[in-house]
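Remarks on the overall topology
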Amino acid sequence: MPATVVIGTQWGDEGKGKLTDLLSREMQVVVRYQGGHNAGHTVVVDGEAFALQLLPSGVLYPSITPVIGNGVVVEPKVLLDEMDMLTRRGIDCSRLVISGSAHLVMPYHQELDALTERHLGKNKLGTTKRGIGPAYADKAARIGLRAQDLLDAKIFRQKLDVVLKEKNAILAKVYNRLPLSADEIAQRYLDEYAPRLAPHIGDAVGLVQATLAAGQGVLLEGAQATFLDLDHGTYPFVTSSNTVAGGACTGAGIGPRQVDRVIGIAKAYVTRVGAGPFPTEATGELADMLVERGHEYGTNTGRRRRPGWFDAVMMRHAVRLSSVSELAVTKLDVLDTFETLKVCVAYQAGGQRYESLPWHQSVLHEVEPVYEELPGWKTSTSEVTRRDQLPPQAVRYLEFLSRQAGVPVTFVGVGPGRDQVVRFQEP
Ligand code: GDP
Ligand code: IMO
Ligand code: MG
């Protein structure tokens, strides 16, 4: 059985956690393959919310093996706290496997992330300040520390001493900060975190490949989203990993032919946290309505998300970049009270109409959305469990999104709860 990939198709927080949880029922292994604790994935079970940052959202099922793949950057303390939180709430995390090749987020990464943002001033990216960019930068510069280094104190200390010398010089000379102590970091990582994480660190690629070879289900859970992708997103207002479906291959150690289903998660509208272009961004009363009805505040950072209308131009691009085979449209219920709804079907800039994403980003900063208006349904959908119970205007809206995107809408979210999902079209 080939693998299934879940990705965000917009700017994050589309409901990847919820869909991953739902699909995990049929899976053996669920893998997080990129990003780090910049992610916040919410799963709501019987009214109880679980906010996950590093563990895959399938962890709530005792039948699955949760995996943190080589493409993830892991802050050990955050991971241990998350495991403790789940254990206290009756979730068994003992099956967790962490790839030995996953890189570690170190204290200097978090400090440098915050300092760089401050240095950028009004040009700041609005990162989560979790050290994600600096950790991936060190990975690319080949000076990162990996999960497997926690199992070899000598190597860990050797690498730390080398890298910290440079980081401390930057902290002191560029930012006028106090140096960090190698002894203190080594004590925390090797004496506190390593003994607890050691039983989990191992051969994640071997496990994923063996599961696929046995014909069992593997689900690959993306973090962030298409337009935060390091290569394909609205650079520099992006995260530092590949969030498109291709990232699932490199970040989990599988080949493209081992994936046969790519589920793109899309809100019925759009939100974005942090800075960067956003063609359909709403302002004023409309923005307040979407934020309040959608509870659009960051799962971990608490930041208010910027809302706007559904953007089909971006969606078509996202579908192509990841060969998305179907869409799950979430938060339809947030639109329940609207008289009319708008969907951006093209852009207009400099007297030209764009049906697809302009390749030059300066154009994206200038475009005016071309909207089609559709009637709202003005009735609650949150109790709906079957397609034939959806108001006709909602069916029309979803069919319109599906036609615009060029792929079927298979799932529709009508509330945060695990079971608040409607099967809409066949894959
Ligand atoms: P993720 O980062 O993609 O996993 O998404 P988040 O968990 O950060 O944000 C999605 C938010 O919307 C969470 O609070 C979810 O509980 C909630 N949510 C997910 N699906 C739905 C839905 O269909 N309707 C409503 N009202 N809320 C939803
Ligand atoms: P999930 O997985 C929404 C955004 C930040 C910032 C940019 C870079 O929950 O959808 P970073 O800390 O990664 O260097 O920040 O990316 N960002 C997210 N926005 N959802 C997320 O994750 C995000 N992770 C990062 O707000 O604009
Ligand atoms: Mg989130």
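Everything that follows concerns the structure shown earlier in this document.
Position labels on residues start from 1 in each chain and follow its written sequence. Here the convention is simple: chains get letters from A, ligands get numbers from 1, in the order in which they are written. The model is predicted, so local features are restricted to residues of pLDDT at least 70 and side-chain atom pairs to those at 80 or more, both for listing and for counting; the totals for chains, interfaces and linings are taken over all residues. The side-chain values count all of the structure's non-hydrogen atoms but skip hydrogen atoms and water molecules.

1. Looking at the site of ligand 1
In the vicinity of ligand 1 there are 19 residues, among which Gly15, Lys16, Gly40, Thr42 and Asp333 approach most closely. Counted as a polar contact is a pair of N or O atoms within 3.5 Å, where, for protein atoms, one must be capable of donating a hydrogen and the other of accepting one, and residues adjacent in sequence contribute only when both atoms are in side chains. With respect to ligand 1, the side chain of Arg305 contributes an N or O atom lying 3.5 Å from an oxygen atom. Within the complex, the protein chains bury 91% of what would otherwise be the 580 Å² of accessible surface of ligand 1. Helix numbers and strand numbers start at the N terminus; a helix is a DSSP run of H or I with at least 4 residues, a strand a run of E with at least 2. Of all the secondary-structure elements, those providing two or more residues to the shell around ligand 1 are helix H1 (16–23) and strand E3 (41–45). When at least one non-hydrogen atom of a residue lies within 4 Å of a molecule or strand, that residue is treated as near it. Accessible surface area values rest on a Shrake-Rupley calculation with a 1.4 Å probe, where residue burial reflects the displayed protein chains alone.

2. Thoughts on the coordination of the magnesium ion (ligand 3)
A metal bound by six donors in octahedral fashion has ideal angles of 90 or 180 degrees, whereas one bound by four tetrahedral donors has an ideal angle of 109.5 degrees. Ligation of the magnesium ion (ligand 3) by protein atoms is provided by Asp13 (OD) and Gly40 (O), these donors lying 2.0 to 2.2 Å from the ion. Of the two residues, Asp13 is situated in the loop between strand E1 (3–8) and H1 and Gly40 in the loop between strand E2 (29–32) and E3; the sequence distance between them amounts to 27 residues. Buried means the residue's accessible area, taken with a 1.4 Å probe over protein chains only, is under 20% of the maximum for its type, while exposed means over 50%, and partly exposed covers the values in between. Given the relative accessible area of 23%, Asp13 is considered partly exposed. Note on donors: an N, O or S atom is included if it sits within 2.8 Å of the metal, or within 3.2 Å for Na, K and Ca, and water is never included, so sites can look incomplete.

3. Things to note about the site of ligand 2
Close contacts around ligand 2 come from 20 residues, with Lys16, His41, Thr128, Gln224 and Thr239 the closest. At 2.7 Å from an oxygen atom of ligand 2 is found a side-chain nitrogen or oxygen belonging to Lys16. In this structure, an oxygen atom belonging to ligand 2 sits 3.0 Å away from a main-chain N or O atom of Val273. Burial of ligand 2 by the protein chains amounts to 98% of its free accessible area of 550 Å². Residues were grouped as follows: Ala, Val, Leu, Ile, Met, Phe, Trp, Tyr, Cys and Pro as nonpolar; Asp, Glu, Lys and Arg as charged; and all remaining residues, including Gly, as polar. Grouping the amino acids of the shell around ligand 2 by side-chain chemistry returns seven nonpolar, ten polar and three charged.

4. Quick look at the sheet that holds E1
What links the strands of a sheet is backbone hydrogen bonding, and the strands pair in either a parallel or an antiparallel sense. Pairing is mixed in the open sheet, where ten strands are placed in the order E9-E7-E5-E2-E10-E1-E11-E15-E19-E20. Each having just a single partner strand, strand E9 (201–202) and strand E20 (421–423) make up the two edges of the open sheet. Strands were regarded as paired on the criterion that DSSP finds at least two bridges between them.

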